[in-house]
Amino acid sequence: MASTHGAEVLLASNRGPVSYEVREDGSLNARRGGGGLVSGLSAIGPEAGAVWVCAALSDADREAARRFEGGRRLPSEATGGQRVRMLDIDPDVFSDAYNGIANSVLWFVHHMLYQTPLEPVFDAEFRRRWASYEAYNRAFAQALAEEAAEGAAVIVQDYHLTLVPGMLRDFRPDVRIGHFSHTPWAPVDYFRMLPDDIAEQVLRGMLGADRLGFLTRRWADAFADCCDALVGGLGGTRTGVHGLGADAEFLRERSHRADVFERMAALREEIGAAPDGGARKTIVRVDRTELSKNIVRGLLAYRQLLEERPQWRERVVHLAFAYPSRQDLAVYREYTAEVRRVAEEINERYGTAGWRPVVLHVRDDFARSLAAYRIADVALVNPIRDGMNLVAKEVPVVSDSGCALVLSREAGAYAELGDDAVVVNPYDVVGTAEALHEALGMGGAERVERTKRLAAAATALPPAQWFLEQLEELRA
Ligand code: G6P
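Residues numbered from 1 in each chain as written. Predicted model: local features only at pLDDT ≥ 70, side-chain atom pairs only at ≥ 80, totals over all residues. Heavy atoms only, no water.

### Examining the overall build of the protein
Heads up, the condition is: The helix and strand labels rest on DSSP assignments: H or I over at least four residues marks a helix, E over at least two residues marks a strand, and numbering proceeds from the N terminus. We compute the radius of gyration over the C-alpha atoms and compare it with the globule rule, which gives 2.2 Å times the number of residues raised to the power 0.38. For the exposure calls, accessible area comes from a 1.4 Å probe over protein chains only, and a residue counts as buried if that area is under 20% of its type's maximum, exposed if over 50%, partly exposed in between. With residues, only the protein chains shown are counted as cover, and all accessible areas are computed by Shrake-Rupley using a 1.4 Å probe.
Scanning the protein from terminus to terminus reveals 19 helices and 15 strands. Taken over the C-alpha trace, the protein has a radius of gyration of 23 Å; the compact-globule value for 476 residues is 23 Å, and the two agree within 12%. With the C-alpha coordinates of the protein rotated into their principal frame, the extents come out at 75 × 50 × 45 Å. Scored against the burial criterion, the 476 residues of the protein give a buried share of 56%. Just so you have it, the protein exposes about 19300 Å², and 48% of that area is on carbon and sulfur atoms.

Below is the structure:
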């Protein structure tokens, strides 16, 4: 199946670097995405002829795939020169795989999100969806097998595509296969909630790879524990840790553009000044509204702070940016509603004519996020579990005059940033309120020093090196 002029480097991920929307006149508008993979892949240069295989995520994406040789050749101006193959997977199969399995089962397992007295329930409906997940993984494996040159390096991303390494190995024993997990890996006792055959299939699928990458040692060890307990070990598969860092160069440049300055002015308006004219402090959080981000407990901790430490009333504003994510799923929509409800409750309870204690924004605006990073006194990053958490790494890089970081010990970033953060147990609302108090009171000089060290640790492995490192290890 190897193509004679196939690619030497291939990347596979559910979400690709481009998405489409249909304009009113029926033409297609392409939007390019950002993120670690985009800058990572650009580091190897266009001459490498890398191919990125991704799924069509919407009707407009599927339309684009159909118009451009079944998704084989998207116009390069839309993709920034990157060769992208977008898979036109049946929408029902895609939805079962993405919403039904990846986001509702595998995401829940790795982030330990189930309310176990009642869920999960692995019934016949689950089995039906699992068959779709297999079909969706197979579509990726087939496309990769077609596109790869003899001996090519293929790097597969994340829990959406756990079966791809094993399937691709069967199609193309000649290629080198890597897989990278951007999430935590579940501890073995939690992982084995999955039906035995499914748990084994996931592990064996992953072990089809030559090398598996994780964001921290903790997640790599958890994976190895699962393999020891359920499939007799890692076999010949190597594992490695690559702690994806922030892209300092990009962030510093981007955060000094005019739109960010405009947003800073607008945020200062919203924050306002204390009745005596003194400046207000700001506690900033920026998240995609995923169930693992712990936004509700963050708000409860802020409420506790206002209750127990009344000296902060009128003197602090919590900027909470909770951007919508996976709104096809009812639990995610309900969670977003709960975030709004608690924010409003705090504003009703404590707000005054001139002070809104919580400023909640739910419309995604990257320039505004950067503006908030620049002016934050305190950043709150309190996930119940998180593969890494790049917000924790971006804030210290962008901060104008030093920002205290309140950080969950359950975020992957804790491994690298824990020493200079105010560390919290994410379930402990009283403890988090105390941490906020401590962070708000941190002296200017200490804040600046800590922020410098945090920024250094946060940028130790920028996306380009992160990607190259994996590629080298895979080829070694
Ligand atoms: C989070 C995770 C990634 C994952 C991504 C998918 O950011 O950390 O591991 O790939 O979500 O998000 P999506 O919006 O495509 O469902």
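### Here's the deal with the domain arrangement of the protein
Rule in force here: Domain boundaries shown here were taken from an automatic or database domain assignment. Two residues qualify as a contact provided that any one of their heavy atoms is within 4.5 Å of a heavy atom in the partner residue. Accessible-area loss on putting two parts together, using a 1.4 Å probe and summing over both, is the definition of buried area adopted here. A pairing counts as a salt bridge when a side-chain nitrogen of Lys or Arg comes within 4 Å of a carboxyl oxygen of Asp or Glu. Pairs of N or O atoms are called polar contacts if they sit within 3.5 Å, as long as, within protein, a hydrogen donor faces a hydrogen acceptor (for residues adjacent in sequence, only side-chain-to-side-chain pairs). The residue classification treats Ala, Val, Leu, Ile, Met, Phe, Trp, Tyr, Cys and Pro as nonpolar and Asp, Glu, Lys and Arg as charged. All others, Gly included, are polar.
When the domains of the protein are assigned, the result is domain 1 (7–244 + 465–475) and domain 2 (248–458). Relative to domain 2, the C-alpha centre of domain 1 lies at a distance of 31 Å. Facing 23 residues of domain 1, the contacting portion of domain 2 comprises 20 residues. Carbon and sulfur atoms make up 55% of the area that domain 1 and domain 2 hide from each other, which totals about 1600 Å². Our count for the domain 1 to domain 2 interface comes out at one salt bridge. Between glutamate 410 and arginine 218 there is a salt bridge, with its nearest N and O atoms 2.7 Å apart. Inspection of the domain 1/domain 2 interface yields six residue pairs in polar contact (both at pLDDT 80 or more). Elements represented by at least two residues in the side of domain 1 that touches domain 2 include exactly helix H4 (91–111) and helix H9 (217–231). Top contributing element to the side of domain 1 that touches domain 2 by residue count: H4, with eight residues. In terms of residue class, the side of domain 1 that touches domain 2 is built from 13 nonpolar, nine polar and one charged.

### Digging into helix H2 (residues 59–67)
Three or more residues of H2 are buried, namely Ala60, Asp61, Arg62, Ala64 and Ala65. For H2, the elements touching its buried residues are strand E2 (18–22), strand E3 (28–32), strand E4 (51–55), strand E5 (83–87) and H4. Looking one or two places after H2, you find glutamate 69, whose phi comes out positive at around 50°.

### Section: the sheet that holds E4
Stated precisely, the cut-off is as follows: By this definition, two strands are paired if DSSP reports at least two bridges between them. Where helices are involved, their axes are fitted lines through C-alpha atoms of the stretch in contact, as for all axes, and angles between N-to-C directions lie from 0 to 180°.
Taken together, the seven strands give an open sheet; going across it, the order is E5-E4-E1-E6-E7-E8-E9, and neighbouring strands pair in parallel fashion. Edge positions in the sheet fall to E5 and strand E9 (238–241), since each of these pairs with one other strand and no more. Adjacent strand axes in the sheet meet at a mean angle of 20° when their direction is disregarded. Sheet topology places strand E7 (residues 176–180) next to strand E8 (residues 211–214); three bridges connect them, and they run parallel. Directly across from phenylalanine 180, in E8, lies its bridge partner glycine 213. The strands touched by helix H6 (residues 164–171) are strand E6 (148–157) and E7; relative to E7, the strand with the most contacts, the crossing angle is about 170°.

### Here we look at the site of the ligand
Here is the rule we go by: The criterion for a residue being near a molecule or strand is simple. One of its heavy atoms has to lie within 4 Å of it.
Around the ligand sit Arg15, Tyr98, Trp107, Asp158, Tyr159, His160, His182, Thr183, Arg288, Glu290 and Arg326, and that is every residue in its neighbourhood. Within the side chain of arginine 326, one N or O atom sits 2.9 Å away from an oxygen atom of the ligand. Isolated, the ligand exposes 390 Å² of accessible area, and the fraction of that covered by the protein chains is 78%. Summarising the domain contributions, the shell around the ligand has at least three residues from each of domain 1 (7–244 + 465–475) and domain 2 (248–458).

### Examining the packing of aromatic side chains
The way to describe two aromatic rings as a pair is by their centre distance and the angle between their planes. What counts is decided by this rule: Here a pair means two rings of Phe, Tyr or Trp (six-membered ring of Trp) with centres within 6.5 Å. Their orientation is stacked below 30 degrees between planes, edge-to-face above 60, and tilted elsewhere. Lysine NZ or arginine CZ positioned within 6 Å of the ring centre and within 35 degrees of the ring normal marks a charge as sitting over the ring.
For the coordinates displayed, the defined rule picks out 16 aromatic pairs. On the numbers, 5.4 Å between centres and 15° between planes, the contact of phenylalanine 94 with tyrosine 98 is stacked. Pair noted here: phenylalanine 94 and tyrosine 98 are both in helix H4, with a separation of four residues, about one helical turn. Given a relative accessible area of 6%, phenylalanine 94 falls into the buried group. One aromatic cluster is present, formed by Phe94, Tyr98, Phe122, Phe126, Trp130, Tyr133, Tyr136 and Phe140 through successive ring pairs. Positioned over the ring face of tryptophan 107 is arginine 326, at 4.1 Å from the centre of the ring. Over the ring of tyrosine 350 we find arginine 349; its NZ or CZ atom is 4.5 Å from the centre of that ring.

### Thoughts on the packing of helix H8 (residues 196–206) against H9
The cut-off we apply is this: Convention used here: angles under 35 degrees read as roughly parallel, angles over 145 as roughly antiparallel, angles from 65 to 115 as roughly perpendicular, and any remaining angle as oblique. Helix crossings get a hand from a simple test, with the near helix turned counterclockwise from the far one by less than a right angle marking a left-handed crossing and a clockwise turn marking a right-handed one.
Remark: H8 packs on H9, axes separated minimally by 10 Å, with the N-to-C direction vectors making an angle of 120°. Taken together, the axis directions place H8 and H9 in an arrangement best described as oblique. Every pair of crossing elements has a handedness; the one defined by H8 and H9 is left-handed. Touching Ala199, Glu200, Leu203, Arg204 and Met206 of H8 are Phe223, Cys226, Cys227, Leu230 and Val231, all from H9. Here the contact of H8 with H9 is composed, by residue class, of eight nonpolar, no polar and two charged.

### Quick word on the pairing of E3
Looking at chain direction, E2 and E3 are connected through five bridges and run antiparallel. By the bridge assignment, serine 19 is partnered in E3 with arginine 31.

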